[in-house]
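Listed below, chain by chain, are the residues.
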Amino acid sequence: MDLSGKVAVITGGASGIGAAMAHAFGKQGMKIVLADVDAAGLEKVTGELQAQGIAALGHVTDVRQTDSMRALADAACARFGAVHLLCNNAGVCPLGEMMAAPLEEWRFVMDVNFWGVVNGVREFVPRMLAKGEGGHVLNTASMAGLVGMQLFGVYGASKFAVVGLSEGLSRELKPQGIGVSVLCPMVVDTGLLASTARLNPTASDAVVTLDKDQLQQVAGTVRTPEQVAARAVAGVQRGDFYILTHTEQAELLRKRSQRLESAFVKD
Ligand code: NAD
């Protein structure tokens, strides 16, 4: 996809990977619309983009709400005329044992991580198709959406759903000129656990807290949001479907694939 002069909407854009993608796509000449529930964070990142000469608009949005996503799409189109790249990136991640998670927490995670993506796709893709200028959807899932992991159970379930949605959507939209990518990082140095704790309505005892060093021990290399954003830009430009960022995690995928293959029994 040729990015220059095009318009990107990035949910979860007030911090972390979303903010880094805003800078990275902005540097490619894209106009940026940031969406997040964090109004102060949105204002800060939008100001930083504008200070770099990047055309940017911040719009307070709750991806769980269809009305809120419609207002976001309306605001983006009113300001910039069209949307060519939708980054469904907003997410939450309460770590903990699945069996200890209250039902409200399951709903909270699925509402943001899964339904947020559904709402984005349902609101923006018809507008891309109607405009007839092509387009691309980039969904942020996780390595936890490709391999089941302990403590990432509820989160992983939501991210597996995003990977499945993306695989099907890619096949469905390709003939119509809309690309789809799914971004699956392992651990990235962001405030994800803190923002989740702030937004989580359950304050559940089930949530486990791990600092950066502990996360590194559990899950290996910690990448920066900027490294992940650079991969996202290159992946969208090339039209890659899977965008994987932590090379050393290939072993996890290999083992999963071997387990699957060995599950076929010759009758
Ligand atoms: P982050 O906390 O910096 O960013 C997440 C953003 O989503 C926050 O700004 C938060 O306010 C926003 N958000 C949460 N609920 C929302 C809602 N209902 N509507 C709109 N915005 C909402 O964390 P991050 O690590 O940059 O997370 C970005 C994405 O990357 C998430 O989908 C996350 O699951 C995924 N991811 C992160 C990691 C990691 O290790 N940090 C690894 C794999 C995948």
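Below is a summary of the structure that appears in this document. Since this is a predicted model, take the numbers as computed values, not measurements. (Residues numbered from 1 in each chain as written. Predicted model: local features only at pLDDT ≥ 70, side-chain atom pairs only at ≥ 80, totals over all residues. Heavy atoms only, no water.)

Here we look at the nonpolar core
Item 1. Val9, Val33, Phe124 and Phe152 are the most contacted members of the largest nonpolar core, which has 49 residues in total.
Item 2. Broken down by secondary-structure element, the contributors of at least two residues to this core are β1 (7-11), β2 (31-36), α3 (66-80), α4 (103-131), α5 (153-173) and β6 (178-184).
Item 3. With 30 residues, the next largest nonpolar core counts Ala19, Ala20, Ile32 and Leu34 among its residues. (Core = buried A, V, L, I, M, F, W, Y, C linked by side-chain atoms within 4.5 Å. Buried < 20%, exposed > 50% of the residue type's maximum accessible area, 1.4 Å probe, protein only. Helix = DSSP H or I, 4+ residues; strand = E, 2+ residues; numbered from the N terminus.)

Topic: the site of the ligand
Item 1. In the region of the ligand, 29 residues are neighbours, and Ser15, Asp36, Tyr155, Thr190 and Ser195 sit closest.
Item 2. At 3.0 Å, a backbone N or O of Val63 approaches a nitrogen atom of the ligand.
Item 3. Surface burial for the ligand is 96%, taken as the share of its 820 Å² of free accessible area covered by protein chains.
Item 4. Mapped by element, the contributors of at least two residues to the shell around the ligand are α1 (16-27), α5 and α6 (192-199).
Item 5. Per element, the largest residue contribution to the shell around the ligand is three residues, and it comes from α6.
Item 6. Along the lines of polarity and charge, the residues of the shell around the ligand split into 14 nonpolar, eleven polar and four charged. (Near = heavy atom within 4 Å. Polar contact = N/O pair within 3.5 Å; in protein donor to acceptor, adjacent residues only side chain to side chain. Areas by Shrake-Rupley, 256 points an atom, 1.4 Å probe, with all protein chains shown as cover. Nonpolar A, V, L, I, M, F, W, Y, C, P; charged D, E, K, R; others polar.)

Focus: the side chain of Ser170
Item 1. Along the polypeptide, Ser170 turns up in helix α5.
Item 2. Those residues in contact with Ser170, other than ones at most four positions away along the chain, are Val180 and Phe241. (Contact = heavy atoms within 4.5 Å.)

Digging into the packing of α1 against helix α8 (residues 225-238)
Item 1. Running from N to C, α1 and α8 cross one another at 55 degrees; their axes reach a closest spacing of 8 Å. The angle between α1 and α8 places the two elements in the oblique class. For α1 against α8, the interelement crossing comes out right-handed. Residues Gly16, Ile17, Ala20, Met21, Ala24 and Phe25 of α1 pack against Pro225, Glu226, Val228, Ala229, Ala232, Val233 and Val236 of α8. (Axes fitted to C-alpha atoms, helices over the stretch in contact; angles between N-to-C directions. Parallel < 35°, antiparallel > 145°, perpendicular 65-115°, else oblique. Left-handed = near helix turned anticlockwise from the far one by under 90°.)

Points about the sheet that holds strand β7 (residues 242-244)
Each strand in a sheet pairs with its neighbour through backbone hydrogen bonds, running either in the same direction (parallel) or in the opposite one (antiparallel).
Item 1. In space, the seven strands of this open sheet follow the order β3-β2-β1-β4-β5-β6-β7, with parallel pairing throughout. The outermost strands of the open sheet, each flanked by one partner alone, are β3 (56-60) and β7. On average, adjacent strands in this sheet sit at an angle of 15 degrees to one another, irrespective of strand direction.
Item 2. Bridge analysis of β1 against strand β4 (residues 85-88) gives three bridges, and the strand direction is parallel. Bridging across to β4, Ile10 finds its partner in Cys87.
Item 3. Across the sheet, helix α2 (residues 39-51) lies against β2 and β3, angled at about 175 degrees from β3, the strand it touches most.
Item 4. Running over the sheet, α4 touches β1, β4, β5 (135-140) and β6 and is turned about 175 degrees from β4. (Pairing = 2+ DSSP bridges.)

So, the pairing of β5
Item 1. Among the six residues of β5, six are classified as buried, and the element is accordingly described as predominantly covered.
Item 2. Burial along β5 is two-sided: Gly135, Val137 and Asn139 facing one way and His136, Leu138 and Thr140 facing the other are all buried.
Item 3. Sheet topology note: the β4/β5 ladder contains four bridges and is parallel. When the sheet's bridge partners are listed, Leu86 is paired in β5 with Val137.
Item 4. Each parallel crossover has a hand, and the one from β4 via α4 to β5 is right-handed.
Item 5. Note: β5 against β6, six bridges, orientation parallel. Within the sheet, the bridge partner assigned to Asn139 lies in β6 and is Val182.
Item 6. For the handedness criterion, the β-α-β arrangement of β5, α5 and β6 is classed as right-handed. (Right-handed = clockwise from strand over helix to strand, strands pointing away.)

Considering the packing of aromatic side chains
Item 1. A full pass over the atoms with the stated rule returns three aromatic pairs.
Item 2. Between Phe114 and Trp115, the ring centres sit 5.3 Å apart and the planes meet at 70 degrees, which makes this aromatic pair edge-to-face.
Item 3. On the accessibility criterion, Trp115 (43% relative accessible area) is partly exposed.
Item 4. Ring geometry for Phe241 and Tyr242: centres 4.6 Å apart, planes at 75 degrees, overall edge-to-face.
Item 5. Residue classification places Phe241 among the buried residues on the basis of a relative accessible area of 17%. (Phe/Tyr/Trp six-rings, centres within 6.5 Å; stacked < 30°, edge-to-face > 60°.)

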